[in-house]
Amino acid sequence: MAETLQQLLCQTVAEVYETMFFTYLETAEESGYTPDPAQVVFLEAAIGLHTKAKTGEVHFYYSEALARHIATNFLGIDASQQDDSRMRDTLGEAANMTVGSLLGKLDPQAVCGTLTMPEVRQLSGRTMGDFLGQPDTIAFHSDFGWLLMDYGVVKTCSKYQEERG
Amino acid sequence: MAFNIMIVDDSETMRTVVKKVVSMSGVAVGEFLEAANGREALEVLEGAWVDVILSDINMPEMSGIELLRKIKQNEVLRHVPVILITTEASQARMDEAASCGAAGYIKKPFVPETIKAVLLDALEKAYAQRMQEEAPPAESGGVEENLDF
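Residues numbered from 1 in each chain as written. Chains lettered and ligands numbered in written order. Predicted model: local features only at pLDDT ≥ 70, side-chain atom pairs only at ≥ 80, totals over all residues. Heavy atoms only, no water.

A. View of the overall build of chain B. Within chain B, the regular secondary structure consists of six helices and five strands. Counting from the amino terminus, helix and strand elements in chain B follow one another as β-α-β-α-β-α-β-α-β-α-α. Across the 149 residues that make up chain B, the buried fraction comes to 48%. In chain B, once contacts between residues fewer than 6 apart in sequence are set aside, the share between residues at least 24 apart is 65%. In the form shown here, chain B has an accessible surface area of approximately 7,000 Å², with 47% of it arising from carbon and sulfur atoms. (Helix = DSSP H or I, 4+ residues; strand = E, 2+ residues; numbered from the N terminus. Buried < 20%, exposed > 50% of the residue type's maximum accessible area, 1.4 Å probe, protein only. Contact = heavy atoms within 4.5 Å. Areas by Shrake-Rupley, 256 points an atom, 1.4 Å probe, with all protein chains shown as cover.)

B. Representation of the nonpolar core in the model. Counting 63 residues, the largest nonpolar core has Tyr17(A), Phe60(A), Tyr62(A) and Leu54(B) as its most contacted members. Discounting residues that sit within four places of it in the chain, Phe60(A) has contacts with Tyr17(A), Leu43(A), Glu44(A), Ala45(A), Ala95(A), Thr98(A), Val99(A), Leu147(A), Leu148(A) and Met149(A). Listed in part, the 25 residues of the second largest apolar core include Leu45(B), Ile53(B), Ile71(B) and Leu84(B). (Core = buried A, V, L, I, M, F, W, Y, C linked by side-chain atoms within 4.5 Å.)

C. Representation of the layout of surface pockets. Quantified by volume, the largest pocket comes out at close to 560 Å³. Along the wall of the largest pocket there are 31 residues; nearest its centre are Asn96(A), Leu115(A), Asn58(B), Thr87(B) and Glu88(B). Counting only elements with at least two residues in the lining of the largest pocket, the list comes to α4 (84–106) and β4 (113–115) of chain A together with α4 (91–99) of chain B. For the lining of the largest pocket, the leading source of residues is α4(A), giving eight residues. Looking at the lining of the largest pocket, its residues break down into eight nonpolar, 12 polar and 11 charged. (1 Å grid on protein atoms, 1.4 Å probe; cavity = no way out; pocket = protein on both sides within 12 Å on 5 of 7 lines; lining within 4 Å. Points joined across faces, edges and corners; volume = space filled by probe spheres on them. Nonpolar A, V, L, I, M, F, W, Y, C, P; charged D, E, K, R; others polar.)

D. Representation of the packing of helix α3 (residues 64–73) of chain B against α4(B) in the model. All names here are of chain B. Interaxial distance between α3 and α4 falls to 10 Å at its minimum, and their mutual angle equals 20°. Judged by the inter-axis angle, α3 sits roughly parallel to α4. For the pair α3 and α4, contact is made by Ile65, Leu68 and Arg69 and by Arg93, Glu96 and Ala97, respectively. Classifying every residue of the contact of α3 with α4 by side-chain character gives three nonpolar, no polar and three charged. (Axes fitted to C-alpha atoms, helices over the stretch in contact; angles between N-to-C directions. Parallel < 35°, antiparallel > 145°, perpendicular 65-115°, else oblique.)

E. Summary view of the interface of chain B and chain A. Between chain B and chain A, the residue contacts involve 18 residues of the former and 22 residues of the latter. Summed over both sides, the interface between chain B and chain A buries roughly 1,600 Å², with carbon and sulfur atoms accounting for 63% of that surface. It is Thr13(B), Thr87(B) and Pro109(B) that lose the most area in chain B upon contact with chain A, and together they represent 35% of the buried surface on that side. The residue Lys108(B) makes a salt bridge to Glu93(A) at a minimum N-O spacing of 3.4 Å. Between the two partners, chain B and chain A, sit five residue pairs in polar contact (both at pLDDT 80 or more). Residue assignment for the side of chain B that touches chain A shows that the elements contributing at least two residues are α1 (12–25) and α4 of chain B. With five residues, α1(B) is the largest single contributor of residues to the side of chain B that touches chain A. (Buried area = accessible area lost by both parts, 1.4 Å probe. Salt bridge = Lys/Arg side-chain N within 4 Å of Asp/Glu carboxyl O. Polar contact = N/O pair within 3.5 Å; in protein donor to acceptor, adjacent residues only side chain to side chain.)

F. Quick peek at the pattern of salt bridges. One pass over the full model with this rule turns up 17 salt bridges over all chains. We note a salt bridge from Glu15(A) to Lys105(A), for which the minimum N-O separation is 2.9 Å. Of this pair, Glu15(A) sits in helix α1 (residues 5–21) while Lys105(A) sits in helix α4; the two residues are 90 residues apart in sequence, bridging distant segments of the chain. Here Asp121(B) and Lys125(B) are joined by a salt bridge, their closest N and O atoms 3.0 Å apart. Taken together, the positions of Asp121(B) and Lys125(B), both in helix α5 (residues 112–134) and four residues apart, correspond to about one turn of that helix. Residue classification places Lys125(B) among the exposed residues on the basis of a relative accessible area of 52%. When salt bridges with common partners are traced through the structure, they connect Glu44(A), Glu57(A), Glu119(A) and Arg121(A) into a single cluster.

So, in structure tokens, the structure goes:
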């Protein structure tokens, strides 16, 4: 059982991406790899979380190869059949599933917070280095590239704070 | 026996994925019908019969919970089982869905086996309920004999 929010978060990310997107993700520490700060961030998926303490967004930053791999797996199509619209839709669903699933575990009585519809944005000129090293950012490694997740707003979930201190 | 299955989700991608997962689950499908929200689903249901509805909860215009309430208030549609699919995996949300008459609740992420189990359970219960209300007690054959999945 997860002892910390970060452990619970890592378990949830791994479960969601493996079950729905057939993609194996592990943290940088677990994988033994280090993200390249110069790697370009292709897409950002963001989902709003309203808690009693704060309103903010959980952010997911994808490398291009990983974003395309996830969408291809989710839809069960060839890479040649993929289009940007469906890829964005897939990454929005991934954000929704990940944070929704996390909240369900953190807060079974649904008193902690509510989610908004996810948004997916193309980033221009941003690299992994712009986001690495932030206090509430976790880097996940896959064979297809990196996913960074900024989960800071989840920490304001009062239910979590009450129970875990 | 093949079933007409309606999928209600504002994401076309998610509707595609749910269709694929249902097809993979082994449930016999006659026809898939689709709607992007609860209001659109009710419009489709005016002209088509479905055996079961799989609906997202959070959708613009009309949510899955509101769709569920409207179906349960409708004399013609009230027997159609509605299964809610959502990421909102909280007990409170599941309790709300059950109190509104949901036939089942599927949490994302899901696997084909889960979809199949919940679908078959909902179809079997709906069939049994309809038989109980509309027909004299059957002398032979039970729900399991009549539902050939």
